[in-house]
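Okay, here's what each chain looks like letter by letter:
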Amino acid sequence: MKCIEILSIAAAATTATAFTLPKTPVSKTSTTRLNEAINRVQPQGPPYSGPSSKPILDSVQFPRDMNRLTMQELEQLAHELRWEVIEAVSKTGGHFSSSLGVIELTVALHYVFDMPEDDIIWDVAHQCYPHKMLTGRRDRFPTLRQLGGISGFCKRKESEYDSFGAGHSSTSISAAQGMSIGKSLLNKRKNNCIAVIGDGAITGGMAYEAMNNAGYLSSRMIVVLNDNGQVSLPTGTQSAGGVRPASQLSAYTSNLLVSKPFQDFRDFAKGMNRLFPEGVQDVNKRIDEYARGLVTGGTIFEELGFFYVGPIDGHDLENMVPILEKLRDSDSNKPVLLHIKTNKGYGYPPALAASDRMHGVAKFNVGTGVQVKGKAAAPSLTSIMANAMIDAATEHREIVGITAAMPGGTGMDIFGRRFPKRTFDVGIAEQHAVTFAAGMACEGLKPFCCIYSTFMQRGYDQVVHDVAIQNLPVRMILDRAGVVGNDGPTHHGCYDLAYLGCIPNLTIMSPSDEMELRNMVMTCAEFDEGPSVLRYPRGVGYGPEKLQELFGYELENGEIPAKGTPIEIGKGRIIRLPGGVRALSSSEPAANGSTDSKLGASKSRGKKKTDRVAILSFGTRLSEALI
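Every chain begins its residue count from 1, and numbering advances along the sequence as written. Given that the model is predicted, a residue must reach a pLDDT of at least 70 before its local features are reported, and side-chain atom pairs must reach 80 or more before they are shown or counted; all residues, however, enter totals for whole chains, interfaces and linings. Only heavy atoms go into the side-chain values, all of them from the structure, while hydrogens and water stay out.

A. Quick look at the confidence of the model for the protein. This prediction gives the protein a mean pLDDT of 80; 74% of its residues lie at or above 70. Scored below 50 in pLDDT, residues 586-607 shows 32 contacts in the model against residues more than four places distant or in partner chains. The predictor reports its confidence for every residue as pLDDT, a score running from 0 up to 100. Should any heavy atoms of two residues lie within 4.5 Å, those residues are counted as being in contact.

Below is the structure:
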C-alpha cells in the first residue's frame, strides 16, 4: 500500500502556500499502516544475493542520465543501487545501513533536482554512498576510505556534486540556508537547496538554530527529515531514559497520526468558515493549524516558520517523486520540512536484525551478513575503559556516565548494562552534555562525560565557561584521541591537546598502554580538585607479553591486573633512555650484570635503537617508538 494519507492534509493547507500537492485516494489512517508499508517483503534467505546484472544502473553515470527513466525503471534502479551498495561495502567495510535506508530518497532527489546547479546537502554524510554512485564515482568504490581513494563522507574537492562537506552532524540546514540566500542575492536562475537530516542529527541544537533563522528570514529551502528511529549508536542501549531512542522529538515524530475523520471534519469546517467574517476566519484558521499540529505533528515545525508535509513513506518512489516535483516548482519562498519515514538497513535482513543495524561494518559475507574480523590479541581500549569505569562506579555510587548518542563507540553501552540508572544518553548534543555534567558536579556527583575527541570540539565553550572557570570536577573521557584511520580528517582526534592544553585548571592524562588506562580511570574517579581529561586512542591493548617486553612491566603470573589503582598526578616513569637504552626494573639484570635501571639495555633486541619521538597528538601509541 502507498503511504499517501498526508497528501489530503497538505492539499487542504494550500490556502497559505503557493503550491498544491497531488491528491491520491486515502487508504488507512494511522502510522501503523505507514510502518507496515516501510517493512515490505524483504529478500528471502540466507543466503542473500542480489541481481546478476544491473543494466539500468550501468546506464546511469551521472544524474542527468536518469531523466529518460520511467517510474518502473526508477524503482528497478533503486533495487540495483541497493545491491551495488551492499556488494561494494562488503568488500571494503564502511558505513552501511544508513545508505541502505536512503536509496529511494537518493534516486528521487537526483531524478527531480538538477545537480550540481541545485544543491543537496547530506547531514553527517555517512549515508552518501548511493549519492556517490549516481554521481560518477561508482567505479572508485574499491578505494573507499583508503589512501588516495574516495572519502566515506561528502567532500567538496572530490566532486562538484558534493555540495557541502560533512562528517559531524546537524550542519546541513545552516549550510542549505546560506546557499539559498547566496543564490538569491546573486540572482541565480534557480534556487533549490535541499538539506537531508536524520532524526538523530536533528537532536543537535545547531539544527534548531538554523530552522529558527530560516523561518525568520523566509529562506527558500527544503529540509528532508529522514526519520528512522535510530538516534544513537546503537539505539536501544540501557540508560536512565530506558531503551527507547534518546530523543523526545523522535518519540514525537514516531507517534504522528493522520486521521480520515479529522480530514472530513476539516473539509467541512473550511467550507463553513467562508461564511464567517474575516476576523473570525483568521481565528478559526489558527485553531485549525493547531488542531492539525496535534493530529499530525506539524506544529513544532510550523511554529519555526516551516510548511510541514508528512509523514510519507521514504521507500515509495511513486509517492515521493511527485511531491518533490511540486515542492521544486513552487514559487513560495517559505521553507518546507518534508517528513519521511524510512527503515535503516532496508532491503538487507541481516542489517535489520542487528542491534546496531550494521551501522559501521568490516568486510562481510553478503550471503549471511557475517563480518570478517580478525581475533584481537587483547581487548579494545574502549572496553577496558568502560570496565575500569564499572570498577570505579562499584566503589563510588556518585559516578555517572554521559554519552552524546555514541554509547557503542565510547563504552557507555557496557557501563549502561551494569548501571542503567546511572547512564545518560543526551543525543547528539555535546554542548548540553558538558554543561549537564557540570550541573551534576555541582551537586556532588562524579560525572564521566564520554565523548570522541573530535566531537568534544563542539562543546569547547562549555568546557571553558561552564567547567574550567568554575573548576568543577567533571571527568572528560575522550575516545579516539589521535589518528583514527579510515574515517578521515573529520574524525581524527589530533587537536585535543592543543585546544585543551591552554585551558586553566584542567588536568590532562594520556595513557601509553592499557595498564595506565585502567589506572587513570581510577585516578579520575578519585580526583575531585578540579576538571580532568583522559584521552586515549582507538584500538586494542598490547597484551601482557608486549607490556613486559616493551614497557618493562613486572606482571604476576604474566597476567594483567584485573583492576586499576590511582596514580600520582604529575609523576611519570622512564621506559627507555636515549640511545636505545631501556630502563629496567630494580630486579632485572642488565647485559653487563648491573641492576641499575639507568644502565640496562633491551635484552630482547641486542642492539641500540634509533631514537624516535612519539607525538601524542597523532595518538598515544608508543610501541612504534619502542620497537
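B. Fine view of unusual backbone geometry. Following Met115, the chain continues to Pro116 via a peptide bond in cis, the omega torsion being 5°. The omega torsion of the bond from Gly310 to Pro311 falls at -5°, within 30 degrees of zero and hence cis. What counts as a helix is a DSSP run of H or I of at least four residues, what counts as a strand is a run of E of at least two, and both are numbered from the N terminus. Tracing the sequence through the fold places Pro311 in strand E5 (residues 307-313). Phi at Val124 takes a positive value of approximately 70°, unusual for a residue other than glycine. One can find Val124 in the loop between strand E2 (119-122) and helix H7 (129-137). In the Ramachandran plot, Asn187 falls in the positive-phi region, its phi being about 55° despite a non-glycine side chain. The topology assignment puts Asn187 in the loop between helix H8 (172-185) and strand E3 (193-198).

C. Region of the structure containing the sheet that holds strand E12 (residues 507-509). One bridge is not enough; two strands pair if DSSP finds at least two bridges between them. In spatial order, the strands read E9-E8-E10-E11-E13-E12; together these 6 strands make up an open sheet with parallel pairing. Unpaired on one side and paired on the other, strand E9 (423-425) and E12 mark the two borders of the sheet. Direction aside, neighbouring strands of the sheet carry axes that sit 20° apart on average. Sheet topology places E12 next to strand E13 (residues 532-535); 3 bridges connect them, and they run parallel. Bridge pairing in E13 places Thr507 opposite Ser532. Only the stretch in contact is used when a helix axis is fitted, and all axes are lines through C-alpha atoms; the angle between N-to-C directions ranges over 0 to 180 degrees.

D. Region of the structure containing helix H9 (residues 205-217). With 13 residues, H9 extends 19 Å between its outermost C-alpha atoms, agreeing within 8% with the 18 Å of an ideal straight helix rising 1.5 Å per residue. Every buried residue of H9 is listed here: Ala207, Ala210, Met211, Ala214 and Gly215. Seen along its axis, H9 keeps its buried residues to an arc of 130°; they face one direction. Residues Glu209 and Tyr216 are exposed on H9 and point more than 90 degrees away from its buried face. For a helix, the expected span equals 1.5 Å multiplied by the number of residues minus one. Partly exposed describes any residue whose relative accessible area lies between the buried limit of under 20% and the exposed limit of over 50%, with all areas from a 1.4 Å probe on protein chains only and scaled to the type maximum. Read the arc as the range of directions from the helix axis to the C-beta atoms.

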